[in-house]
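The chain contents come next:
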Amino acid sequence: MAKKKIAVIGIGKIAQDQHLPVIDKSPDFELAACVSTRGLGHRDVPVFRTPAELYKAMPEVKVVAICTPPGVRHAYVRQAIDAGKDVLLEKPPTPTITEFEDLVAYGEKKGRVLFQTWHSRYNAAVDAAKLILKDEGVASVRIDWRESVRKWHPGQEWVWEPGGFGVCDPGINAMSIFTRIMPFPVFVESARLKFPSNRQTPVDVEIVFKSAEKHQPKLSAGFNWLEESGEIWTIAMETRKGTELKLERGGTVLRVDGKETVANPSSEYEAIYERFAKLLKKGKSEMDGSPLRLIGDAFLLGARENVDEFHW
């Protein structure tokens, strides 16, 4: 079967590190073009400054991956839908839940396939943890998501602007795993957000969750963006039967009572594009907004605290 031609819109760090190399190796997709306001490209494919230029010059390209910052995502996805394209969206999807839900409805109305990706979900360790929690129940969950903004978003000012999510940009990865593995709905009970006094988004967030479960499991999360000792991406869980689970390294490793039971190298983006190919074949969209809703609720309910200024 011939590969589908795909264009990548937004050639930033995540596109360069993940999307473009994965597409190069994909059995399902062939990179046809790049769209970059800075004129960045990949290999020898055509580069366009705007999506409109791409759509006019290469109408045969029917699939796009949108990897821009979230602030422009709603307009770009609607424009792609109007141009008759099927769309893969990098996370986080949009700055607001209202925009996200509009895209879901608009894609359905126009008959286009939309795929909201949550890359951290695509790990065997995540699936294994989900099955154990479903079988044994949940007594507690503690999420710790700490990394360096200087390493993962070097010089990217948009992350500090309104709608840029701040530390909730990586934190939403944890929420994507959390909402995937929990056997019941969870809600934000309270949150504390620490903002650098010279920035518009938080650098540290602490969240307490609640549920409708009668036994009231203890559920909480902490995100921090100034961790310089290395990444801490862990979710520690205890089941109602007393089993201790720990997802480590962003969901790629699972320990059960201290014993490593699943440890696979990360192939999250390969899995994303495999899933997208299947959705395109079925003509089916997949647009789960639950991680975005939890982050949005944390902002709505969160108490703000100003802390030291941040400088690169």
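Our structure's up above, just so we're on the same page.
Here the structure is a predicted model, which is why all the values come from computation and not from measurement.

## Remarks on the nonpolar core
Alright, step 1. Core analysis: the biggest nonpolar cluster contains 71 residues, and I143, M175, F178 and F223 have the highest contact counts within it.
Alright, step 2. A total of seven residues in this core trace back to one element, the largest contributor, which is helix 7 (residues 168-181).
Alright, step 3. Within the second largest apolar cluster, 24 residues are counted, among which are I6, I11, C34 and V113.

## Re the side chain of S176
Alright, step 1. With respect to the helices and strands, the residue S176 is situated in helix 7.
Alright, step 2. Not counting residues within four places of it along the chain, the set of residues in contact with S176 comprises W118, S120, R121 and P291.

## A short note on the sheet that holds strand 9 (residues 204-210)
Alright, step 1. Spatially, 14-13-12-11-7-10-9-8-15 is the arrangement adopted by the nine strands of the open sheet, whose pairing is mixed. Both edges of this open sheet fall to strand 14 (259-263) and strand 15 (302-307), since each of them pairs with a single strand only. Taking each pair of neighbouring strands and ignoring which way they run, the sheet shows an average axis angle of 15°.
Alright, step 2. When strand 11 (residues 232-238) meets strand 12 (residues 244-248), the two strands line up antiparallel, connected through four bridges. The residue of strand 12 that forms the bridge with E238 is E244.

## Some details on the layout of surface pockets
Alright, step 1. Each pocket or cavity is described by its volume, and for the largest pocket that value is around 1,200 Å³.
Alright, step 2. Taken together, 49 residues make up the lining of the largest pocket; nearest its centre are K13, I14, E90, W152 and H153.
Alright, step 3. Secondary-structure elements contributing two or more residues to the lining of the largest pocket are helix 1 (13-25), helix 3 (73-82), helix 7 and helix 8 (268-282).
Alright, step 4. By residue number, the principal contributor to the lining of the largest pocket is helix 1, which donates four residues.
Alright, step 5. Of the residues in the lining of the largest pocket, the class split is 18 nonpolar, 18 polar and 13 charged.

## Observations regarding the sheet that holds strand 1 (residues 4-9)
Alright, step 1. Strands sit in the order 3-2-1-4-5-6 across an open sheet of six strands; the sheet is parallel. The open sheet has two edge strands, strand 3 (47-48) and strand 6 (114-116), and neither has a second partner.
Alright, step 2. Across two bridges, strand 2 (residues 29-35) lies against strand 3 in parallel orientation. Residue pairing in the sheet places C34 in a bridge with V47 of strand 3.
Alright, step 3. Relative to the sheet, helix 1 contacts strand 1, strand 2 and strand 5 (86-89), its axis offset from that of strand 2 by approximately 140°.
Alright, step 4. Where helix 8 meets the sheet, its contacts fall on strand 1, strand 2, strand 4 (63-66), strand 5 and strand 6, and the angle it forms with strand 5 comes to roughly 155°.

## A few points about the packing of aromatic side chains
Alright, step 1. Across all of its chains, the model carries nine aromatic pairs by this definition.
Alright, step 2. Plain terms: the ring middles of W160 and F310 are 4.6 Å apart, the flat faces sit at 35° to each other, and that makes the pair tilted. Residue W160 is found in the loop between helix 6 (149-152) and helix 7, and its partner F310 is found in the segment after strand 15; the two are separated by 150 residues along the sequence.
Alright, step 3. Following the ring pairs from residue to residue traces out a cluster consisting of F29, F115, Y273 and F276.
Alright, step 4. Over the face of the ring belonging to Y106 we find R78, whose NZ or CZ atom lies 3.7 Å from the ring centre.
Alright, step 5. For the cation-ring pair, R304 lies above F195, with the distance from its terminal atom to the ring centre recorded as 3.9 Å.

## A short note on unusual backbone geometry
Alright, step 1. A cis amide bond, omega -10°, links K91 with the succeeding residue P92.
Alright, step 2. Mapped onto the fold, P92 is located in the loop between strand 5 and helix 4 (97-110).
Alright, step 3. One non-glycine residue, R43, lies in positive phi territory at about 55°.
Alright, step 4. In this structure, R43 sits in the loop between strand 2 and strand 3.
Alright, step 5. With a phi angle near 50°, D257 is a residue other than glycine that sits in the positive phi range.

## Focus on the pattern of salt bridges
Alright, step 1. Across all of its chains, the model carries 22 salt bridges by this definition.
Alright, step 2. Between R150 and E228 there is a salt bridge, with the nearest N and O atoms lying 3.4 Å from each other. Here E228 lies in the loop between strand 10 (218-224) and strand 11 and R150 lies in helix 6, a separation of 78 residues in the sequence.
Alright, step 3. When the shortest N-O distance is used, the salt bridge between D204 and R192 registers 2.9 Å.

Here is what the cut-offs are and how they apply
Residues numbered from 1 in each chain as written. Predicted model: local features only at pLDDT ≥ 70, side-chain atom pairs only at ≥ 80, totals over all residues. Heavy atoms only, no water. Core = buried A, V, L, I, M, F, W, Y, C linked by side-chain atoms within 4.5 Å. Buried < 20%, exposed > 50% of the residue type's maximum accessible area, 1.4 Å probe, protein only. Helix = DSSP H or I, 4+ residues; strand = E, 2+ residues; numbered from the N terminus. Contact = heavy atoms within 4.5 Å. Pairing = 2+ DSSP bridges. Axes fitted to C-alpha atoms, helices over the stretch in contact; angles between N-to-C directions. 1 Å grid on protein atoms, 1.4 Å probe; cavity = no way out; pocket = protein on both sides within 12 Å on 5 of 7 lines; lining within 4 Å. Points joined across faces, edges and corners; volume = space filled by probe spheres on them. Nonpolar A, V, L, I, M, F, W, Y, C, P; charged D, E, K, R; others polar. Phe/Tyr/Trp six-rings, centres within 6.5 Å; stacked < 30°, edge-to-face > 60°. Lys NZ or Arg CZ within 6 Å of the ring centre and 35° of its normal. Salt bridge = Lys/Arg side-chain N within 4 Å of Asp/Glu carboxyl O.

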